[in-house]
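For reference, the chains in residue letters:
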Protein chains: 2
Amino acid sequence: MSEKKLKVVIVGGVACGPKTASRIKRLLPDAEVTIIEKGELLSYAGCGLPFYLSGEVHDYKELMCTPAGVVRDTHFFKMVKDVTVLNQTLVESIDRNKKAIKAVNTLSGKAIDIEYDKLVLTVGGTPFIPPIKGIDLKGVNFLSTIDDARKIHDEEKNLKGKNAVIIGGGLIGIEVCESFVKQGMNVTIIEKLDRVLPALLDPEMAYHVHNELQANNVTVLLNDAVVEIKGDDQGNVKSVKTNKTEVPSDLVLIAIGTKPNITLAKQAGITIGTTGAIAVNEFLCTSDPDIYAGGDCVENIHLVSGKPIYAPMGSTANKHGRVIANNICGKESMFKGVLGTAICKVFTMNVARTGLSEQQARDEGYDFITVLNPSPDKAHFYPDAKLIIIKLIVDKKSRTLLGAQIVGPGDVAKRIEVVITSITNGAMIDNIANYDLAYAPPFSPAMDNIIHAANIAQNKLDGIGKSISPVEVKKKMDNNEDFILLDVRSPQEYEEIRIDDTRVKLIPLGKLRESLHQLDKSKEIITFCKISLRGYEAQRILAGAGFRNVKFLDGGIVCWPYKKLVK
Amino acid sequence: MSEKKLKVVIVGGVACGPKTASRIKRLLPDAEVTIIEKGELLSYAGCGLPFYLSGEVHDYKELMCTPAGVVRDTHFFKMVKDVTVLNQTLVESIDRNKKAIKAVNTLSGKAIDIEYDKLVLTVGGTPFIPPIKGIDLKGVNFLSTIDDARKIHDEEKNLKGKNAVIIGGGLIGIEVCESFVKQGMNVTIIEKLDRVLPALLDPEMAYHVHNELQANNVTVLLNDAVVEIKGDDQGNVKSVKTNKTEVPSDLVLIAIGTKPNITLAKQAGITIGTTGAIAVNEFLCTSDPDIYAGGDCVENIHLVSGKPIYAPMGSTANKHGRVIANNICGKESMFKGVLGTAICKVFTMNVARTGLSEQQARDEGYDFITVLNPSPDKAHFYPDAKLIIIKLIVDKKSRTLLGAQIVGPGDVAKRIEVVITSITNGAMIDNIANYDLAYAPPFSPAMDNIIHAANIAQNKLDGIGKSISPVEVKKKMDNNEDFILLDVRSPQEYEEIRIDDTRVKLIPLGKLRESLHQLDKSKEIITFCKISLRGYEAQRILAGAGFRNVKFLDGGIVCWPYKKLVK
């Protein structure tokens, strides 16, 4: 008699599920693997949906293809992977004692019972639905599945010159925004907190994204909440009413977040974590040793805070699939956690973040410093050089990175990867400062932006660089405090753009050493230039000359998120 | 009586010297710092010279500017940094007992004696001059200083349609090549080894650079050495004679490498290292505790092999300056070494490398595996996605990276930085595979190329993926060995491009499971597809079906560096 074949049932066929199935078949060719998917389509790139809406991806089928252009349908899975796919099939319950699931085909109504040796839950997430009136009106959309995207896509075509309202200024809202603008719509984003991308960026970084949205004629309403979506007598959406205003609307996208699909797991008595998602251990096993879970339905450990977070990402889902398959096939494998990394394109601006934000670091009780480093992403003489602004959050005690945010038209992605790799490996800032990063003028400055940022961090940690954040300076201004804002740029630069405040005094850096008598030693002096490289130099010159109360303004005038006087 | 001021003399004013001087003044404002530079110009970006030649940088002065556009001349150093610069001044000797140097102004002939408390040698490197006839002819150039570049730049203008010969297929030769082509010249590169960039790339990676050069009408002569440069009766260069041929030439660039300037140090009895450059310890101190050295005149420790290497780089020189300044000012600071990182742009192709090459790993006695991963740099459905090919060299014992090479039109720089950061921190491949890298379709595939490459490495280390390199397959072909080259792509792909060999058999992956009877189990089978993702899948299917001698071809047809049949 032949050995019994391992039976694996996977519930969910979008990202983590198919990855798990394929890997199991490569490791254990004899295993009987079944994927059950409630929708018609499977194994598609959900993260590509905004680019289908923008027209950059022409056919939604491209989102379902292998890199070689083959559509991953049920036939593909059978022929290539020897995996059985039951699509349009809804799993209704798990019997953990019998190790079996009950499902139903949503087309035929036929009931299906399948036994498993190992069960894998990759059931994904669902958009949050706000409890407001009008949510069912025609023209109100979510963006979670290919079907959602196709529905919006069809509407979009007829909406040139009309009004779109995006409820939620988070990642999906911001990503879709550009596609609506490209279709010629007037777009309004409504965000209930005080800034866009509030879960990802600190205020002074979100400010640059806000500016980019406004520069592309997007209206951004902050600190405002939707109370009702209004319709006409045909049941079509007509406007969105908020606490403060009412915005006419022909199309509404609700993008206030995703919640994990946990009903099935909860009913079966599987442990749900503190974030509200399915709890799994390092092996991605649930509280039932025969049931694994991965992708958008589980929570992960944050690698910096050590606490659970819910951070659904397609990239994480794929990694989960591999780890689950390994463990099911007896090849012990761990997934230790995530950093809450995110990246997006906002018109001509790139935005990335990882680890803890300043606010999160404060909430976690860290004693930290922050760095703002705006500089060109390539050698400054290279014609294609573009600005990027790096914010680092650095733990004082361990001198390691807690998190970073990077925005700008330049190459943001490269620098966030260096931060991610450094945090994951616990690298000290002093180690980062000496990385042998790849330098040539078309790719980076001789001192890469990250190395420069690490040097600023070292200077601050060592008490050599003393600085103050734009947020704190603004507070001082608003409190009418008496201090000198010492602008050390050239008169030409000053003419072009400057901070509009009576406390500003201009002394170009080259004249500072001979002009010390013009400055009152008893006053607080805050030095700055374009990016605060010369501002830092000025701080050191003044410190060297015996001035006791001198700081430089973090990030200089480039990072000043408040009113500036422009020629 | 006031405390004696620290006197620091720095010999060399290009990169490391000015950085050292500026940092010392920021840390110890009272220090007396003097830079002595033999040339007229200082503090310029030597690495920018090829881009000045190509016209991308319009004015050589841009290479000497701060990011804010101020030229760093002697006046700038005095006014802004309070650093004295003696340019056009040659240091002739060091008296280590007296702690003084003897110098001479090369314009006036005036002798100068200066005492120091600490001396810093940042005297740079000089191009190798080959011992061949004709090296002094008009039109024969080196590219080391701004003066060199201006000389070539002036010649270039009149050379449209004429012939340029670059002697040396290394980094500088390759970088300058594009600028000559842009000026309308016919360019020939002569390299004495068997491939371009021989010190940086393994043969199968150099092959792609070679192709890119040829596609841009550059003639590449390999395995050939120059024996003489011939001139006309006016003393102008006329042709370059090699062992094999003679190439007509109106302009010659000699770019066969850089050697460290060690005469001054050697005369003073300072220890010279095994590479021929000045030896320094982790604090960048020479054998004399009062003499530091950095930049292109010193050797560094290779962070993987632990051995000294000579790897002159502008980025390293800048880091050296900061470390030297810290140590001189009593702030202990270490520079542990480099990875031999390099990056360059070759027309539309980007090329990067770090750590050990396969050849170097073999020479160092490592037991390692290699990975070839060709894939799109962004989500494959994203319209702007471009190919990159990653080669990893992974130590079997520690499962850490020894080195990497990445080439292709796509975003190579981002991935090499992840490798560099990983090697520096000793990250295991299993850790790399789970990095929470920044994913969105405009920036990367859901499984980033580096993560995918790490997964391939895991499969190989764990004996799941069995592969063979294109170099080895070619050897088997040349030895007329009997094996099956199993192409598992679609018939359409096969029609478009294929390996031209009678051993090739086409069975599309989707038909493989039902076609096993067509394959001889006793034969060696080498599976492949476009990039060997399906090739690997096929290897696993065959292994699962009991085939014992199956491997997939590393990197598939995309990485096959030999003849292909194109429709």
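No experiment lies behind these values; they were computed from the predicted model shown.

Looking only at helices and strands, chain A has 16 helices and 32 strands in total. Relative to its length of 567 residues, chain A is compact, with a C-alpha radius of gyration of 27 Å against a globular reference of 24 Å. Reported as C-alpha extents along the three principal axes, the dimensions of chain A are approximately 95 × 60 × 40 Å. A buried classification covers 55% of the 567 residues belonging to chain A. In chain A, of all internal contacts separated by at least 6 residues, the share reaching a separation of at least 24 is 64%.

So, about the relation of the copies chain B and chain A. Once chain B is rotated about the relating axis by 180 degrees and shifted along it by 0.0 Å, it coincides with chain A to within an RMSD of 0.0 Å. Considering both components of the superposition, the chain copies are consistent with a two-fold axis. If distances are taken from each C-alpha of chain B to the rotation axis, the shortest is found for lysine 414 of chain B, at 2.2 Å. Here 100% of the interface residues in chain B have copies in chain A that are interface residues too; the copies meet face to matching face.

Turning next to the interface of chain B and chain A. Taken residue by residue, the interface counts 74 residues in chain B and 74 residues in chain A. Residue assignment for the side of chain B that touches chain A shows that the elements contributing at least two residues are α1 (16-27), α3 (74-81), α8 (314-328), β21 (342-346), β23 (368-376), α10 (412-424), α15 (509-512) and α16 (533-544) of chain B. The element best represented in the side of chain B that touches chain A is α10 of chain B, accounting for nine residues. A breakdown of the residues in the side of chain B that touches chain A according to their chemical character gives 42 nonpolar, 16 polar and 16 charged.

Residue and element names in this part refer to chain A. Taken together, three strands build an open sheet; the order of strands is β4-β5-β6 and the sheet is antiparallel. Edge positions in the open sheet fall to β4 (89-95) and β6 (111-115), since each of these has one partner strand only. Between one strand and the next, the sheet's axes are offset by a mean angle of 25 degrees, whatever the strand orientation. When β4 meets strand β5 (residues 100-105), the two strands line up antiparallel, connected through six bridges. Residue pairing for β5: isoleucine 94 is matched across the bridge by isoleucine 101.

All names here are of chain A. The domains assigned to chain A are domain 1 (7-45 + 59-124 + 259-328), domain 2 (140-256), domain 3 (348-461) and domain 4 (467-566). Across the contact, five residues belong to domain 1 and four residues belong to domain 2. Split into classes, the residues belonging to the side of domain 1 that touches domain 2 amount to four nonpolar, one polar and no charged.

A positive phi is found at glutamine 88 of chain A, a non-glycine position, where the angle reads about 50 degrees. A positive phi angle is found at lysine 99 of chain B, which is not glycine, with a value near 55 degrees. With respect to the secondary-structure elements, lysine 99 of chain B resides in the loop between β4 (89-95) and β5 (100-105).

This part covers the pairing of β5 of chain B. Along any regular strand the residues' side chains alternate between the sheet's two faces. The antiparallel hairpin formed by β4 of chain B and β5 of chain B contains four residues in its connecting segment, where lysine 99 of chain B sits at a positive phi of about 55 degrees. The turn linking β5 of chain B back onto strand β6 (residues 111-115) of chain B is made up of five residues, and glycine 109 of chain B within it adopts a positive phi angle of 80 degrees.

Residues and elements named next belong to chain A. Of the strand pairs in this sheet, strand β26 (residues 467-468) and strand β31 (residues 550-553) are connected by two bridges, and their pairing is parallel. Bridge pairing links serine 467 to phenylalanine 552 in β31. The sheet contact formed by strand β30 (residues 525-528) and β31 spans three bridges and is parallel. Looking across to β31, one finds that threonine 527 is bridged to phenylalanine 552. Regarding topology, helix α16 (residues 533-544) serves as the crossover connection from β30 to the parallel β31, and that connection is right-handed.

Residue and element names in this part refer to chain A. Residue position: glutamate 32 is located in strand β2 (residues 32-36). Given 19 C-beta atoms within a 10 Å radius, glutamate 32 is considered partly exposed. In this structure the C-alpha to C-alpha distance between glutamate 32 and valine 8, which are 24 residues apart in sequence, comes to 6.1 Å. Beyond its immediate stretch of four places on either side in the chain, glutamate 32 contacts Lys5 and Lys7.

Conventions we followed
- Residues numbered from 1 in each chain as written.
- Chains lettered and ligands numbered in written order.
- Predicted model: local features only at pLDDT ≥ 70, side-chain atom pairs only at ≥ 80, totals over all residues.
- Helix = DSSP H or I, 4+ residues; strand = E, 2+ residues; numbered from the N terminus.
- Rg over C-alpha atoms; globule rule 2.2 N^0.38 Å.
- Buried ≥ 20, exposed ≤ 12 C-beta atoms within 10 Å, placed from the backbone.
- Contact = placed C-beta atoms within 7 Å.
- Least-squares fit on C-alpha atoms with pLDDT ≥ 70 in both.
- Nonpolar A, V, L, I, M, F, W, Y, C, P; charged D, E, K, R; others polar.
- Pairing = 2+ DSSP bridges.
- Axes fitted to C-alpha atoms, helices over the stretch in contact; angles between N-to-C directions.
- Domains from an automatic or database assignment.
- Right-handed = clockwise from strand over helix to strand, strands pointing away.

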